[in-house]
Amino acid sequence: RGFLNAMLPALTKFLEEMGLKDKTVFHISDEPTSAHLELYKEVRDQVAGLLKGWVVMDALSDYRYYTEGVCELPVVATNHVTPFLEGKRPEEFWVYYCVSQGYEVSNRFMAMPSYRNRIIAEQLYKYQVKGFLQWGYNFYNSQYSLKHLDPFANTDSDGGFPAGDAFAVYPGDGGKPWSSIRLEVFWEAMCDLRAFNLLESLAGRDFVMGLIESEGEVTFFEYPRNAGYHLRLRQRVNEEIAKRV
């Protein structure tokens, strides 16, 4: 507590001087559960005054943290979104996936087909999600960073995580990252999302949703499970945009 009381004022002052306040997010804990609720409140109260005016977000899945006002900006795991979608949710709603989102929902593990990676665009659009979080850009260590690894030979953090969870790029020559298929597909998903938003501005949200769900309902758990769906949808979206511009 003494360390935080000394460090946070100095850190926030530095960030403000560097013009980084609007690009900074603080978080208190990673995936706190109902068992941690009271302790989380204590820690939050401790830093509340020190972080007044700063964005504080946390990756969590327990709905009580939001409904009881303990965390105003939760980043919700995609396999735990149902209470937030059916009830009250933050105006700026964020979701995420990582190591634990391996069943039904979208993710980008190496063992998954690319359509399961790309479907995140339709899901973010349908539920009007404002932000998305995923860890693991270039974590080339074992779990807990006990040793360094070669990601070309060891893709699962020495058995710590599903293959591909911990990194989206490879270390290239001269410190330049080499992209992965998974990152390229995710980039295509983000381009899809931009295209959906553009078409919405031209033809309306209901029209876009009609295209997205032309081959079946899309939720975080149910969606067309084939690559052709994405290619057909994007082609149709492109054609509809071209008609209007």
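All values derive from a computational prediction rather than experimental measurement.

Draft legend 1. Representation of the nonpolar core. Residues Val95, Phe196, Ile212 and Val237 are the most contacted members of the largest nonpolar core, which totals 32 residues. Contributions of two or more residues to this core are made by helix H6 (120-126), helix H7 (181-203), helix H8 (205-212) and helix H9 (227-244). Counting residues per element, this core draws most heavily on H7, at six residues.

Draft legend 2. Expanded view of helix H1 (residues 2-17). If you check H1, its first and last C-alpha atoms are 24 Å apart, about what 16 residues at 1.5 Å a residue would give, namely 22 Å. Buried positions along H1 lie against strand E1 (25-26) and helix H2 (37-48). Trailing H1 by a residue or two, Gly19 shows a phi angle of about 70 degrees, which is positive.

Draft legend 3. Local environment of the packing of H7 against H8. Relative to each other, H7 and H8 sit at 130 degrees, their axes nearing to 7 Å. Our classification of the angle between H7 and H8 gives oblique. Counted together, Phe196, Leu199, Glu200 and Ala203 of H7 and Arg205, Phe207, Val208, Leu211 and Ile212 of H8 form the full contact between these two elements. Looking at the contact of H7 with H8 residue by residue, the class counts come to seven nonpolar, no polar and two charged.

Draft legend 4. Looking closely at the sheet that holds strand E6 (residues 131-133). Pairing within the open sheet is parallel, and its four strands lie in the order E3-E4-E5-E6. Of all the strands in the sheet, the pair left with one neighbour each is strand E3 (58-59) and E6. Pairing analysis gives two bridges linking E3 to strand E4 (residues 74-77), with the strands arranged parallel. Residue Ala59 lies in a different strand from E4, and its bridge partner there is Val75.

Draft legend 5. Just the environment of Arg182, in detail. The residue Arg182 is located in helix H7 in this model. Distance in space between the C-alpha atoms of Arg182 and Met112 is 9.5 Å, their sequence separation being 70 residues. Within the structure, Arg182 has its side chain in polar contact with the backbone oxygen of Gly164 (distance 2.8 Å). At 2.9 Å, the side chain of Arg182 forms a polar contact with the backbone oxygen of Phe167.

Parameters and conventions
Residues numbered from 1 in each chain as written. Predicted model: local features only at pLDDT ≥ 70, side-chain atom pairs only at ≥ 80, totals over all residues. Heavy atoms only, no water. Core = buried A, V, L, I, M, F, W, Y, C linked by side-chain atoms within 4.5 Å. Buried < 20%, exposed > 50% of the residue type's maximum accessible area, 1.4 Å probe, protein only. Helix = DSSP H or I, 4+ residues; strand = E, 2+ residues; numbered from the N terminus. Expected span 1.5 Å × (residues − 1). Contact = heavy atoms within 4.5 Å. Axes fitted to C-alpha atoms, helices over the stretch in contact; angles between N-to-C directions. Parallel < 35°, antiparallel > 145°, perpendicular 65-115°, else oblique. Nonpolar A, V, L, I, M, F, W, Y, C, P; charged D, E, K, R; others polar. Pairing = 2+ DSSP bridges. Polar contact = N/O pair within 3.5 Å; in protein donor to acceptor, adjacent residues only side chain to side chain.

Function cannot be inferred from these measures alone, as they are strictly geometric.
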